[in-house]
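Chains, contacts and geometry: an overview
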Amino acid sequence: MATTNTTMTRIVCVAGARPNYMKIKPVMDALERRGAEVLLVHTGQHYDESMNGVFFRDLGLRPPDHFLGVGSGSHAEQTGRVMTAFEPLLARLAPDAVVVVGDINSTLACALVTAKAGPLLAHVEAGLRSRDWGMPEEVNRVATDRVSDYLLASSPDAADNLRAEGYRADQVHLVGNVMIDTLFANLERARQSDVLRRYGLTRGGYGLVTLHRPANVDDPGVLAGLLKALGVIAEHCPLLLPVHPRAAGRLTELGVPGGLRLVPPAGYLDFIALQDAARIVLTDSGGVQEETTALGVPCVTLRDNTERPITVEQGTNVLAGRDPERITATVARVLEHPPAPRRPALWDGRASERIADVLLTGGGAATRPRPTDLI
Ligand code: UD1
Ligand code: UDP
């Protein structure tokens, strides 16, 4: 193992919402194993027990060292509240570096504060691009990368995007996928879950659905079209939909077709168990596209684009868009000819170790110049 760079010892790790917890946990562990002092800051963007608390228990994530409690709001409100709360805290903690993950509003807010405050900034999952500016996450990804010192990419396409955008070679590190670190670390525990029994499901006997992208669930017309497609699919393959709070009200208003069962959001271990045993997964989630690829479970993505093209090129993911007929035709094709699973390189359970290597070892990385000579 390489030697630890003692100039970077205190690291603030940021988490705020459901898809952050499984990304930050292995990074914190890897940094702590090498002697770094790690402080977990939780912004409070997600707060329901089923969107937050259950993940701390399932993942063995320790309680946050600092909680900002920002809650819900418009993009500006939420981003602004995180920035306002994080700025004085960061000044007090005075870490050597801050690690942000993913593409949510909390990611961008803490990145902007860090970039002006002085600590080095590392972005885990850098370089993903949907090239869809209608997606709030795309704005968050591009802007977070722009102010980051360390761009930690999960796939070669992401690293290529960053190089094409003009980032310096010494900023871009292809480290692999931390979400898959957590998946592999917990898969056997997830398989012990009794969630299938609780919902009366059998392995390979159902499809699993998630929907939460604003483009899919905020417009009743679009959501009604998706529900129509799900109703047709459910005639042959019963569907289970753990409901994201963003979609809950609208799903109740519209009503759902027979064969599509709505249940509360699932905890991490239960949801991994549900993916692992599903015949097919239909989703608009970023993380679920990756987990199904790693598990080799067929996935149909209910979007026109993906920032994770490797899951289509190498994994089990097929883009179906949002047109009901195209969705039902795609699902029929996938059920008849499931895509052959192939796990992308570096989705091997060791991405966080490589991140710790980048941040803590290797010749004074902490003294690198800031990215002032970009673009
Ligand atoms: C956020 C992220 C999205 C991510 C998703 C993961 C942004 C811009 N979006 O979307 O990238 O894929 O989390 O799930 O950061 N709500 C609750 N309880 C909660 C949290 C939210 O009821 O614990 C409801 C509130 O009505 C809230 C709405 O869900 O207004 C949306 O929450 P928000 O965090 O703003 O965005 P998400 O849609 O969850
Ligand atoms: N997930 C979960 N319960 C659910 C839905 C998703 O535990 O009911 C997990 C899923 O396994 C993955 C992560 O949440 O690890 C993905 O988060 P989400 O879909 O909310 O956000 P995205 O990845 O789209 O940003």
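To start, this report covers the structure provided alongside it. This is a predicted model, so every value here is computed, not measured.

Turning next to the state of the cysteines. Within this structure, the stated rule accounts for 0 disulfides. Its sulfur unpaired, Cys13 is 11 Å from the next cysteine sulfur, which belongs to Cys110. Its relative accessible area of 0% is what places Cys13 among the buried residues. Taking relative accessible area as the criterion, Cys110 reaches 0% and is therefore assigned buried.

Let us look at unusual backbone geometry. Among all residues save glycine, negative phi is the norm, and among peptide bonds the norm is trans. Its identity as a non-glycine residue notwithstanding, Ala94 has a phi of 45°, on the positive side. Looking at the secondary structure, you find Ala94 in the loop between helix H3 (75–93) and strand S4 (97–101).

Not every one of the 18 residues close to ligand 2 is listed here, only the nearest: Arg18, Ala266, Ser285, Gly287 and Glu291. One nitrogen or oxygen atom from the main chain of Ala266 is found 2.7 Å from a nitrogen atom belonging to ligand 2. Between Ser285 and ligand 2, the recorded distance is 2.7 Å, taken from a side-chain N or O atom to an oxygen atom. Of all the secondary-structure elements, those providing two or more residues to the shell around ligand 2 are helix H1 (18–33), helix H12 (268–277) and helix H13 (286–295).

The next thing to look at is the sheet that holds strand S13 (residues 317–319). Spatial ordering of the open sheet is given by S10-S9-S8-S11-S12-S13, a layout of 6 strands whose pairing is parallel. This sheet does not close on itself; its edge strands, each paired only once, are strand S10 (260–263) and S13. For this sheet, the mean inter-axis angle between neighbouring strands, taken without regard to orientation, is 20°. Sheet topology note: the strand S9 (residues 239–242)/S10 ladder contains 4 bridges and is parallel. Of the residues in S10, the one forming a bridge with Leu239 is Leu260. The strands touched by H13 are strand S11 (280–283), strand S12 (299–301) and S13; relative to S11, the strand with the most contacts, the crossing angle is about 165°.

It is worth spelling out the site of ligand 1 at this point. Around ligand 1, 18 residues are found, and the nearest of them are His46, Asn105, Glu137, Arg213 and Arg246. Between ligand 1 and Gln45, the relevant distance is 2.9 Å, taken from an oxygen atom to a side-chain nitrogen or oxygen of the residue. Between ligand 1 and His46 there is a distance of 2.8 Å, counted from an oxygen atom to a side-chain nitrogen or oxygen. Here ligand 1 loses 84% of its free accessible area of 740 Å² to cover by the protein chains. Those elements giving two or more residues to the shell around ligand 1 turn out to be H3 and helix H11 (245–254). In terms of residue class, the shell around ligand 1 is made up of 5 nonpolar, 8 polar and 5 charged.

Cut-offs used in this document
Residues numbered from 1 in each chain as written. Chains lettered and ligands numbered in written order. Predicted model: local features only at pLDDT ≥ 70, side-chain atom pairs only at ≥ 80, totals over all residues. Heavy atoms only, no water. Disulfide = S-S within 2.5 Å. Buried < 20%, exposed > 50% of the residue type's maximum accessible area, 1.4 Å probe, protein only. Helix = DSSP H or I, 4+ residues; strand = E, 2+ residues; numbered from the N terminus. Near = heavy atom within 4 Å. Polar contact = N/O pair within 3.5 Å; in protein donor to acceptor, adjacent residues only side chain to side chain. Pairing = 2+ DSSP bridges. Axes fitted to C-alpha atoms, helices over the stretch in contact; angles between N-to-C directions. Contact = heavy atoms within 4.5 Å. Areas by Shrake-Rupley, 256 points an atom, 1.4 Å probe, with all protein chains shown as cover. Nonpolar A, V, L, I, M, F, W, Y, C, P; charged D, E, K, R; others polar.

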